[in-house]
Amino acid sequence: VQLQASGGGLVQAGGSLRLSCAASGRTLSRYTMAWFRQAPGKEREFVAASSRTDGGTYYLDSVRGRFTISRDNAKNTVYLQMNSLKPEDTAVYYCAADAYILSSYYKDHTMYDYWGQGTLVTVSS
């Protein structure tokens, strides 16, 4: 599956952005989908996941209640709606997919087989 992320940009603190990750080559419903982010000088960090097995969603504690991951299987696209953005949310955001990952590994970026290119989100204070 090929993934194409988009939707990043510059936004003021408190604002919103919606990231999109369009999949091609395979049906999105086959995969657990996730968003990760990487700030300069930091390791890649789990943000959110949408499970293909139980339909559940999983979040980094610091974004829970502000970010929402969703998928539109008809459009073969997964979204990350980001509200109440903070300067510390500034990072390059990546979407990832894996067909076989177990829930205990959702937060481990090394376990995902497929990645989109990053999209930069900059939140100004």
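The preceding data block contains the structure.
Only a predicted model underlies this, so the values are computations on that prediction, with no experimental measurement involved.

Peer 1: Account for the overall build of the protein, naming residues and giving values.
Peer 2: Within the protein one finds zero helices and 11 strands. Put simply, the protein runs from its N terminus to its C terminus through helices and strands in the order β-β-β-β-β-β-β-β-β-β-β. Here the C-alpha radius of gyration of the protein, 13 Å, is about what a compact globule of 125 residues would show, namely 14 Å. The dimensions of the protein, computed from C-alpha atoms along their principal axes, are 40 × 30 × 25 Å. The buried share of the protein, reckoned over its 125 residues, is 44%. Sequence-distant contacts in the protein: of pairs separated by 6 or more residues, those separated by 24 or more amount to 58%.

Peer 1: How would you explain unusual backbone geometry if you had to name every residue and give the values?
Peer 2: Backbone geometry at N76 places phi at a positive 55 degrees, although glycine is not the residue there. One can find N76 in the loop between β7 (67-72) and β8 (77-82).

Peer 1: Account for the pattern of salt bridges, naming residues and giving values.
Peer 2: On inspection of all chains with the given rule, the structure shows four salt bridges. We note a salt bridge from D89 to R37, for which the minimum N-O separation is 3.0 Å. Of the two residues, D89 is situated in the loop between β8 and β9 (91-98) and R37 in strand β4 (residues 32-38); the sequence distance between them amounts to 52 residues. Of the two residues, D89 and R37, both sit in the buried class.

Peer 1: Before we move on, could you go through a nonpolar patch on the surface and cite the residues and values that matter?
Peer 2: Side chains of L102, Y105 and M111 sit close together on the surface and give an oily, nonpolar patch of about 280 Å² of accessible area. Turning to its location among the elements, Y105 is positioned in the loop between β9 and β10 (114-115).

Peer 1: Kindly report on the state of the cysteines, identifying the contributing residues and their values.
Peer 2: Think of a disulfide as a covalent bridge from one cysteine sulfur atom to another cysteine sulfur atom. A complete count under the given rule lists one disulfide for this structure. The side chain of C21 participates in a disulfide bridge whose partner is C95; the two sulfur atoms lie 2.1 Å from each other. Linking C21 and C95, the disulfide has an S-S dihedral of approximately 65 degrees and is accordingly described as right-handed. Of this pair, C21 sits in strand β3 (residues 17-24) while C95 is found in strand β9, placing the two residues 74 residues apart along the sequence. C95 gets classed as buried once you look at its relative accessible area, which sits at 0%.

Peer 1: Got a sec to walk through the sheet that holds β7? Specific residues and values, please.
Peer 2: Sheets are built from strands paired through backbone hydrogen bonds, the pairs being either parallel or antiparallel. Spatial strand order, β1-β3-β8-β7: four strands in an open sheet with antiparallel pairing. The open sheet has two edge strands, β1 (2-6) and β7, and neither has a second partner. Here the average twist between neighbouring strands, direction ignored, is 15 degrees. Pairing geometry for β7 and β8, over six bridges, is antiparallel. Within β8, the position partnered with T68 by the bridge is Q81.

The rules we used
- Residues numbered from 1 in each chain as written.
- Predicted model: local features only at pLDDT ≥ 70, side-chain atom pairs only at ≥ 80, totals over all residues.
- Heavy atoms only, no water.
- Helix = DSSP H or I, 4+ residues; strand = E, 2+ residues; numbered from the N terminus.
- Rg over C-alpha atoms; globule rule 2.2 N^0.38 Å.
- Buried < 20%, exposed > 50% of the residue type's maximum accessible area, 1.4 Å probe, protein only.
- Contact = heavy atoms within 4.5 Å.
- Salt bridge = Lys/Arg side-chain N within 4 Å of Asp/Glu carboxyl O.
- Patch = residues over 30% accessible without salt bridge, like charges linked within 9 Å, V, L, I, M, F, W, Y side chains within 5 Å.
- Areas by Shrake-Rupley, 256 points an atom, 1.4 Å probe, with all protein chains shown as cover.
- Disulfide = S-S within 2.5 Å.
- Pairing = 2+ DSSP bridges.
- Axes fitted to C-alpha atoms, helices over the stretch in contact; angles between N-to-C directions.

Without other data, these values stay purely geometric and don't point to any function.
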